[in-house]
Amino acid sequence: MTNWETGPTAYAGPVSLVPPLPVPSSRTEPDPLRGAGGLLWLDVLDATIRTSAAHGRTEMAEWLSRRRAQLLHPQLRVLVVGGAQQGKSQLINALINAGVCGVDNGGTAVPTVVRHAESPGAELVRRGAADADWTAEVGRQDRLPLGLETLGASIMESTARLPAGTPVHAEVSVPRALLAGGLVLIDTPPLPGPDEHAPTPVPGTGARAVHGPLTHGTTTINSVIPTLGVGGPGNLGGAGSASAGNAGTGSAGGVGGVGAGSTGGVGAGGVGSTGGVGAGSAGGVGAGNTGGAGAGSAGSAGGVAGLTDLATCAGADLVVYVCEGERGLRDDELVLLRGLSRVYPGLLVVFSKTDYAVDWRRNLAEGRARLAREGVPAATTAVSSALRLHALRSGDAALNGESGFPELVVYLQRMVAAKSGELARKTVGRLSGIVLQELAVPLRKELTEQRDAGVPEAVARLHATQRRLDDLRKCAVRWQNTLSDEIGDLMSDIEHDLRERTRAVLAGAEEYFATADPAKSWDEFEPWLRQSLQELAETSTNWLAERTAWTAQRVAGQFPAEAGEVLPPPALVAAEDALDDTVPGLGAPPVARFSPGQKLFIGLRGSYGGVVVFGLMTSLAGMSMINPISVSGGAIFGGKTIRDESRSLLKKRQADAKVLVGRHVDDVFARLNKEARDTVRRAQRALRDHFTAVTEDLQESIMDSLRNAKAAADQDAAAREQRLRRVQQELAALTELHTQAQAL
Amino acid sequence: MIDDEEVEQRTHRLLAEAAHVYRGVPQAAALVRALLERMDGPLRLAVAGPARAGKSTLVNALVGDGLAPVELGGERPESVTYRDGTAPRAWWNGTETPVTQTADGLRLTPDNRHFGYADTPRGEEAPDGTVAGHGSAAHNGTGRGRTGHGGTGHGGTGHGGTGHGGTGHGGTGHGGTGHSGARAVVAWPSRVLRRTELIDTGLPLRRALDDADAVLYVTPQLGEADLRALRSATGPRGPWATEPVHVMVALSRADATGGGRVDAMLTARQAARRTRREPRTAALCQDVVAVSPLVAAAARTLTPDEFQAFAVLAALPRSESEPHLLSTDRFTAATALPPVGAQRRVSLLQRYGLGGVRLAVTLVRTGCDGPAVLAERLQEHSGLKELQTSIAGFFTARRSVLRARSVLTVLDQVLRTHRVPPAGQLLTGLELLAAETHEVRELRLLAALRSGRVTLPREHAVDAHRLLGGAGISVGERLGVPPEATADDSWTAALAASERWRTLAHGHTLSPAPRRAAEIVLRSCDMIANRLDRLATPAGS
């Protein structure tokens with residue numbers, strides 16, 4: 001900060017050290033030491049700076065501080081901008097009647113600052129960074145003297161010696177009464193033209209990469225006021241309703257395209273390679289520009305950002321836009337002018353070259369009408385530099401009048417006079433308006449988000465936990481039912497199964513004994529029976545184990561997924577002991593023996609009948625009772641009787657064996673059945689205990705999280721409430737400050 | 001090295017093969033047929049550039065008649081094609097429309113027919129457009145014109161009547177692009193349009209090039225945006241698109257340079273020369289010419305009355321006339337310059353601009369004593385002559401190569417889009433042709449020599465210029481032998497030139513850049529020799 005700034009109105013320290021207030025006080029009490037109402041704009045500006053610092057927007061605070069320094073400066077710095085070959089340099093030359101700005105060598109390459117001094121002089125100033133203030137002091141080694149006579153060539157030569165891209169500008173001092181009042185004219189390189197033929201914007205990243213070294217350092221205004229030039233000015237009056245608790249819905253749209261603007265950089269319209277002049281970053285054209293004139297305006301809106309950066313760096317108070325009188329204002333120029341007029345009141349559009357243009361009057365009128373229609377508050381005038389220069393050479397006052405310059409001079413002088421008064425007031429009004437709107441955007445967004453957010457996360461979590469608890473309760477009933485059902489099924493199934501299997505064994509045994517003689521083949525039969533029963537016992541045990549495990553799974557399936565792995569350990573459901581030695585052996589049944597004596601006896605008994613019958617029959621034939629025929633008949637009868645007897649004995653033995661086996665198998669069945677039932681009961685009990693424990697565990701953990709969630713939800717609600725109140729307070733404060741700024 | 005004739009033949013062959021390959025793909029086949037027709041027409045030169053750059057005025061200046069702008073009921077078409085014709089006729093979106101010439105360009109009068117077809121889909125419109133277009137040229141077998149561009153608009157717009165070999169050339173390229181926006185075609189009897197048809201287009205350069213073989217980019221100043229646009233005209237679009245042999249830049253505010261002083265044109269010409277030499281401009285175009293379309297167009301149509309007015313103004317003492325030439329207001333003020341009526345002065349200003357008036361008065365004062373002389377000198381000063389020479393040398397003389405270039409660029413796209421097995425082979429052939437076409441390199445070298453980017457020793461520079469075809473591309477013109485010279489003379493000259501340039505190209509007397517240039521000239525010599533060889537062979541056999 002330079003010495004002329006230190007006064008009663010200056011900060012005691014750097015901006016960043018201004019202690020931020022928790023809730024920025026927007027009310028600026030008039031300082032009784034200052035003249036009443038004299039510098040109210042300064043108070044508003046200071047309050048705005050404080051507010052933006054308090055909102056953490058240091059880049060804005062810094063930008064405003066720069067503008068503040070400019071506003072307090074006694075000089076009026078006029079930035080002359082425009083497209084290529086529009087007569088900017090010639091305008092300045094004609095204004096001060098001196099050939100200080102090169103007009104014949106293919107456009108201005110180095111910006112030139114023209115100011116008053118008692119003796120003429122010129123030097124090239126090398127700035128430390130592209131976005132450094134032009135008004136800042138630079139060291140002697142950064143001031144390269146230039147030859148006054150051949151200014152253009154001298155500038156070229158000096159620039160060529162510097163590394164390419166060094167940010168430089170020329171400072172020319174000339175003794176002129178017009179400039180003595182504090183008027184400083186700044187000639188600039190041409191703005192890039194409209195980009196009709198390349199509608200594809202350069203990707204933001206590319207532009208950044210190009211301008212990377214230049215943007216280093218302080219943030220450029222582009223990021224400070226992304227709304228610049230696009231969308232209508234948001235009406236902060238909407239924030240009035242915000243203070244009333246209604247959160248300012250309508251005004252959120254008023255600053256449309258802001259968020260997008262600050263992120264989507266489009267570098268198409270940057271000031272590219274203009275000797276490093278404020279080319280900072282040409283982005284800042286966002287989706288908010290959709291209402292504009294398409295790609296063309298996107299490029300020029302990028303131009304707005306670049307141009308505003310340039311103007312800030314150059315310390316401009318006033319911008320003069322030069323446009324050929326031969327053509328009207330183009331759409332992209334209108335976008336540019338609208339953007340400029342938002343930051344620079346007193347914007348002047350000069351239609352130049354009226355000596356050469358045929359239709360300049362019509363173009364001027366059209367331009368005026370269009371500006372008025374678009375709501376761009378810009379003054380317009382038409383001049384002819386050639387006529388002015390000619391008039392000055394020939395001393396022709398009438399020609400000077402025709403050139404239109406007297407009006408321009410009067411306007412500039414009026415602006416010099418109004419610099420610390422009306423101009424400053426208006427400037428501050430606009431700057432504060434922009435910054436405050438920008439500050440209000442995140443707040444509004446927060447409000448909207450809160451309103452639109454619906455149920456906050458903590459509450460949602462609470463609800464979810466409650467739902468989980470309910471689920472668990474239902475699940476408890478469900479799994480118990482499942483368990484008892486399954487166990488019932490299992491019991492009946494296992495009994496039925498055992499019965500089927502034993503019946504099969506019995507059938508096998510009966511079949512066996514239908515032919516086999518137990519007396520002879522018992523030793524063969526007994527191991528088979530034992531084996532069969534053993535297998536049966538094993539099978540049913542295995543089956544039981546499987547069914548139990550399956551039941552456990554079914555029951556576990558009733559639990560919600562979040563309960564995790566709830567299956568009982570396998571040992572719990574396994575049958576406790578195998579039934580391997582539970583099948584006893586079976587002794588042989590008592591056997592009715594058929595000894596040879598008995599056989600003889602029975603044979604004799606049977607043969608008796610035969611001998612008698614045949615003996616009688618043969619005796620009729622006159623033969624003796626005992627004859628060979630009767631003897632052989634007796635033998636036949638005896639044999640038959642023996643055979644019958646032995647068969648009936650076999651039958652008896654078989655029946656005995658069957659009865660014995662049947663009884664044995666029944667015994668085994670009863671035991672197996674009993675054991676199976678016991679096993680099932682045991683398993684049921686084990687499962688029930690296990691799942692009850694699991695349920696209790698789950699319930700406990702859910703209750704825990706429920707308590708946590710409840711606490712969190714309560715806390716969250718409180719925090720939100722508090723935040724909401726604070727946001728509303730801040731918005732109200734901003735609104736009040738904005739109202740003050742607008743009233744300036 | 002192959003010359004333009006061979007390029008043309010091979011292009012034809014490639015197209016024929018492509019037509020054969022794509023006989024089963026209707027879309028591609030239609031495109032290829034359109035390309036085949038395009039090969040036969042005149043060079044199509046698009047005049048493109050930003051709005052209000054003076055494109056239409058420049059078209060008027062080139063044609064030498066007040067044709068542009070074309071309007072129909074206050075509406076201006078997106079692009080207007082001006083071509084040669086036996087009688088003035090015009091088509092609006094393919095529908096023939098009566099046309100009248102006014103002081104401010106052509107006016108098409110909508111009739112019922114126009115409106116009747118305005119709402120019909122383009123596909124239905126095309127047959128009518130074709131029929132209308134060939135009303136006078138039905139004998140030319142122009143059925144192809146219709147099939148060539150499926151449902152476009154102005155199919156084969158009566159071009160055949162002008163003695164172009166009955167090719168039935170049509171506005172082919174307009175169809176495939178499918179843009180909205182009106183397109184107009186004007187047939188106008190003009191010698192200028194016979195070899196070069198002009199397309200005055202407001203389309204972006206890249207789209208303008210879809211229809212054109214070459215482009216004249218008109219812009220007040222060559223800014224960044226213009227350079228970007230020019231960059232879009234070349235670039236990676238197939239082997240034929242890398243060199244900007246089809247682009248020329250006209251800086252159209254020559255008369256207003258430095259406030260429109262009398263020496264404005266001179267300053268502008270110097271600036272153009274500087275721009276031409278700048279490497280980044282040179283890489284994007286063949287030539288940069290400063291021109292004042294307004295003065296040029298007015299000079300082409302200078303009337304004796306106007307000359308009379310200028311003569312009266314010039315006869316006034318300087319002290320009396322000069323204050324009134326300071327500004328437009330003063331010049332048109334009712335009380336100023338009583339010898340010439342205010343009305344006439346306003347019309348002079350409208351037609352010539354203040355710079356043009358100043359220039360004309362100065363020229364009359366310095367000895368232009370007749371309308372013809374004044375018109376000639378004005379055309380010279382306005383840069384029109386230079387522009388015409390450039391167009392003739394770089395574009396019209398090389399139209400076969402440029403046409404092949406644009407056609408093959410499109411064919412390249414077609415081959416890449418519609419992939420069929422034989423397409424790969426055709427692509428190879430296409431690339432081979434691109435590599436063998438020497439004239440592209442010749443043109444680039446000519447441009448480099450002209451702009452001074454490459455300098456050859458003085459005695460060789462003229463020789464190189466001639467051999468490269470800068471003074472005409474026939475063998476005789478290239479060799480600098482008189483037309484009546486015998487084949488042997490030509491042979492001798494060709495061999496001598498070859499020898500000369502072989503020494504230069506392979507010797508060590510030149511620095512690298514000129515040596516590369518010498519190699520290109522040497523190849524031109526080879527090409528000439530080939531040509532002579534071919535000329536001689538049929539005679540011998």
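Residues numbered from 1 in each chain as written. Chains lettered and ligands numbered in written order. Predicted model: local features only at pLDDT ≥ 70, side-chain atom pairs only at ≥ 80, totals over all residues. Heavy atoms only, no water.

Draft legend 1. Representation of the sheet that holds strand E8 (residues 183–188) of chain B. All names here are of chain B. Taken in spatial order, the nine strands line up as E5-E4-E8-E3-E9-E1-E10-E11-E12 in an open sheet, and their pairing is mixed. The open sheet is flanked by strand E5 (95–97) and strand E12 (287–290), the only strands paired with a single partner. Across the sheet, the axes of successive neighbouring strands diverge by a mean angle of 20 degrees, strand direction being ignored. Bridging between strand E3 (residues 79–84) and strand E9 (residues 196–201) involves four bridges; their strand directions are antiparallel. Across the sheet, residue Val-80 finds its bridge partner in E9, namely Asp-200. (Pairing = 2+ DSSP bridges. Helix = DSSP H or I, 4+ residues; strand = E, 2+ residues; numbered from the N terminus. Axes fitted to C-alpha atoms, helices over the stretch in contact; angles between N-to-C directions.)

Draft legend 2. View of the packing of aromatic side chains. Residues and elements named next belong to chain A. All chains considered together, the criterion is met by eleven aromatic pairs over all chains. On the basis of an interplanar angle of 35 degrees and a centroid distance of 5.7 Å, the ring pair of Phe-525 and Trp-528 is categorised as tilted. With Phe-525 and Trp-528 both in helix H18 (residues 518–557) and three residues apart, the pair spans about one turn of that helix. For Phe-525, a relative accessible area of 1% translates into the label buried. When its relative accessible area of 37% is taken as the criterion, Trp-528 is described as partly exposed. On the numbers, 6.1 Å between centres and 80 degrees between planes, the contact of Phe-614 with Phe-637 is edge-to-face. Within this pair, whereas Phe-614 is found in helix H20 (residues 596–620), its partner Phe-637 is found in helix H21 (residues 628–743), the two being separated by 23 residues in sequence. (Phe/Tyr/Trp six-rings, centres within 6.5 Å; stacked < 30°, edge-to-face > 60°. Buried < 20%, exposed > 50% of the residue type's maximum accessible area, 1.4 Å probe, protein only.)

Draft legend 3. Here's a closer look at the interface of chain A and chain B. Chain A puts 25 residues into the contact, and the matching count from chain B is 29 residues. Buried surface at the junction of chain A and chain B, summed over both partners, amounts to about 2200 Å²; 47% is from carbon and sulfur atoms. A salt bridge links A:Glu402 to B:Arg330; the nearest nitrogen and oxygen atoms lie 2.7 Å apart. At the level of elements, helix H13 (360–374), helix H14 (385–394) and helix H15 (397–403) of chain A are the ones that each hand at least two residues to the side of chain A that touches chain B. Its residues assigned to classes, the side of chain A that touches chain B shows ten nonpolar, four polar and eleven charged. (Contact = heavy atoms within 4.5 Å. Buried area = accessible area lost by both parts, 1.4 Å probe. Salt bridge = Lys/Arg side-chain N within 4 Å of Asp/Glu carboxyl O. Nonpolar A, V, L, I, M, F, W, Y, C, P; charged D, E, K, R; others polar.)

Draft legend 4. Focus on the pattern of salt bridges. Residue and element names in this part refer to chain B. One pass over the structure, following the stated rule, counts 70 salt bridges over all chains. Across the salt bridge formed by Arg-351 and Glu-306, the nearest N and O atoms sit 2.4 Å from each other. Taken together, the residues Arg-351 in helix H17 (residues 342–365) and Glu-306 in helix H14 (residues 304–315) connect sequence positions 45 residues apart. Its relative accessible area of 28% is what places Arg-351 among the partly exposed residues. In this structure, Arg-377 engages Glu-380 in a salt bridge whose closest nitrogen and oxygen atoms are separated by 3.9 Å. Of this pair, Arg-377 and Glu-380 are both found in helix H18 (residues 371–381), three residues apart, which corresponds to roughly one turn of the helix.

Draft legend 5. Region of interest: H18(B). Residue and element names in this part refer to chain B. Those residues of H18 lying buried are Leu-374, Ala-375, Leu-378 and Gln-379. Relative to the axis of H18, the buried residues are bounded by an arc of 135 degrees and lie together on one face. Those residues of H18 that are buried are in contact with helix H13 (293–300), H14, H17 and helix H19 (384–396). Positive backbone phi, at 90 degrees, marks Gly-383, one or two positions downstream of H18. (Arc of directions from axis to C-beta.)

Draft legend 6. Spatial organisation of the sheet that holds strand E1 (residues 76–82) of chain A. Residue and element names in this part refer to chain A. If you walk across this open sheet you meet the nine strands as E4-E3-E5-E2-E6-E1-E7-E8-E9, and the pairing is mixed. Lying at the two open borders of the sheet, with one neighbouring strand each, are strand E4 (143–145) and strand E9 (379–382). Within this sheet the neighbouring strands show an average axis-to-axis angle of 25 degrees, counted without direction. Sheet contacts for helix H12 (residues 331–343): strand E7 (318–324) and strand E8 (348–352); angle to E7, the most-contacted strand, approximately 170 degrees.

Draft legend 7. Structural view of the packing of helix H3 (residues 55–63) of chain B against H19(B). Residues and elements named next belong to chain B. The interhelical angle for the contact between H3 and H19, taken along N-to-C directions, is 80 degrees, at an axis separation of 11 Å. One way to sum up the angle between H3 and H19 is to call them roughly perpendicular. Residue-level inspection shows Leu-58, Ala-61 and Leu-62 of H3 in contact with H19, the latter providing Leu-384, Leu-387, Gln-388 and Ile-391. Per-class residue counts for the contact of H3 with H19 are six nonpolar, one polar and no charged. (Parallel < 35°, antiparallel > 145°, perpendicular 65-115°, else oblique.)

Draft legend 8. A look at a nonpolar patch on the surface. All names here are of chain A. A grouping of Leu-616, Met-625, Ile-626 and Val-631 is seen on the molecular surface, where their side chains present a nonpolar patch of about 360 Å² in accessible area. Take Met-625: it is sitting in the loop between H20 and H21. Since its relative accessible area comes to 36%, Met-625 is described here as partly exposed. (Patch = residues over 30% accessible without salt bridge, like charges linked within 9 Å, V, L, I, M, F, W, Y side chains within 5 Å. Areas by Shrake-Rupley, 256 points an atom, 1.4 Å probe, with all protein chains shown as cover.)

Draft legend 9. Here's a closer look at the nonpolar core. Among the nonpolar cores identified, the biggest contains 73 residues, and B:Tyr82, B:Leu198, B:Leu216, B:Leu387, B:Phe395, B:Leu479 and B:Trp501 are the most heavily contacted of them. Considering each element in turn, this core owes the most residues, eight residues, to helix H26 (residues 512–540) of chain B. With sequence-adjacent residues up to four places away left out, B:Leu479 is seen in contact with B:Arg466, B:Leu467, B:Ser490, B:Ala493, B:Ala494, B:Ile528 and B:Leu532. Membership of the second largest hydrophobic core comes to 60 residues, among which are A:Val113, A:Val319, A:Leu734 and A:Ala741. (Core = buried A, V, L, I, M, F, W, Y, C linked by side-chain atoms within 4.5 Å.)

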